[in-house]
Amino acid sequence: MNKLYCPLSFFFIFVFLSCSIHTKKNRKTGITDTIISPITKKEVVEPNIEIVKSQELPFTQSEIIADTSFVNIKDYSSDFVYDMKYATDDNFLKIQVYECAECYLRLKTVNALLKANERFMSKGYRIKLFDCYRPLDVQTKMWSIVSNPNYVANPKKGSIHNRGGAVDLTLVDNNGKELDMGTPFDFFGIESSHEFENLSEEVKNNRKLLRNGMIRFGFRIFDSEWWHYNLKNAKKDNLSNFKWECD
Ligand SMILES: [Zn+2]
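Residues numbered from 1 in each chain as written. Predicted model: local features only at pLDDT ≥ 70, side-chain atom pairs only at ≥ 80, totals over all residues.

Asker: Honestly, the overall build of the protein in this entry has me stumped. Any pointers?
Answerer: Looking only at helices and strands, the protein has five helices and nine strands in total. The order of α-helices and β-strands along the protein, N terminus first, is α-β-β-α-β-β-β-α-β-α-β-α-β-β. When each of the 247 residues of the protein is scored for burial, the buried share is 26%. Across the protein, contacts joining residues at least 24 apart in sequence account for 67% of those joining residues at least 6 apart. (Helix = DSSP H or I, 4+ residues; strand = E, 2+ residues; numbered from the N terminus. Buried ≥ 20, exposed ≤ 12 C-beta atoms within 10 Å, placed from the backbone. Contact = placed C-beta atoms within 7 Å.)

Set out below in structure tokens:
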């Protein structure tokens, strides 16, 4: 190898190795995910984060704040139903990890949910929310209780919930009754997967109704959980750790 090719070879080998350690293929889903490096303090604290507190923002002014700002969905609509499981001990952790029940999300996530809910309502249904933005400290607490990546995202990588782009939800009918989705929320078995076929026609139709209504407005499914939806490209937003105020 002559003097020119040798250093060039090392350069290309370095580039190849750099690329190969930043992506991985999820064996279960076949989806290639970006591996997020372990979080440093600098990444956790989102720079210039804009948090719009309740009552500060008239609905009509929503267009003047950045769509990555965190807002409380209650300030934008009274048409959602809430059952914020982690503000109670009625969850798989069996402890309350939120001081109070609020649903904060990035404005762009809220806007997409508003459109989805509007369409569901035109069909006689509405969205019931189980979980929204989750501060990174809460993710860490959940991980310390259940350190199983099948159930809880490792806080070293963070989840889309920590980025304000994920929601856990289901649909209720005009009487407020939840549609049968085959399993309860946070049921961690194969039956919760979108790929699970051994379900009644009614359950399949209910899941399809939810899935199609969410995908139509920019959400993406999470293969193993019928209730979890990520706003497209939300993975690019920063992790966050702000805490909402409770009365
Ligand atoms: Zn979720």
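Asker: When you look at helix H3 (residues 107–122) in this model, what are you seeing that I'm missing?
Answerer: If you check H3, its first and last C-alpha atoms are 23 Å apart, about what 16 residues at 1.5 Å a residue would give, namely 22 Å. Regarding H3, the residues found buried are Leu107, Lys108, Thr109, Val110, Ala112, Leu113, Ala116 and Asn117. Just past H3, the residue Gly124 takes up positive phi, approximately 95°. (Expected span 1.5 Å × (residues − 1).)

Asker: Can you help me understand the UniProt feature "binding site: Zn(2+)" (unreviewed entry) in the protein in this one?
Answerer: In this numbering, the UniProt entry assigns the feature "binding site: Zn(2+)" (unreviewed entry) to His161, Asp168 and His228. Annotated residues spanning 68 residues; largest pairwise C-alpha distance 9.7 Å, indicating a single compact cluster. Note that Asp168 resides in strand E7 (residues 166–173). By the C-beta count within 10 Å, which is 23 here, Asp168 ends up buried. In contact with Asp168, other than residues within four places in its own chain, are Phe130, Asp131, Phe185, Trp227 and His228. (UniProt positions renumbered as here; feature names shortened; annotations may be inferred.)

Asker: Would you explain the pairing of strand E9 (residues 225–231) in this entry?
Answerer: Each regular strand carries side chains that alternate between the two faces of the sheet. Most of E9 is tucked away: six of the seven residues are buried. The pairing of E7 with E9 spans three bridges and is classified as antiparallel. When the bridges of E9 are listed, Ala166 appears paired with Asn230. Pairing of strand E8 (residues 219–222) with E9 involves four bridges; the strand directions are antiparallel. Paired with Arg220 across the strands is Asn230, a residue of E9. Between E8 and E9, which pair antiparallel one after the other, the connecting turn spans two residues. (Pairing = 2+ DSSP bridges.)

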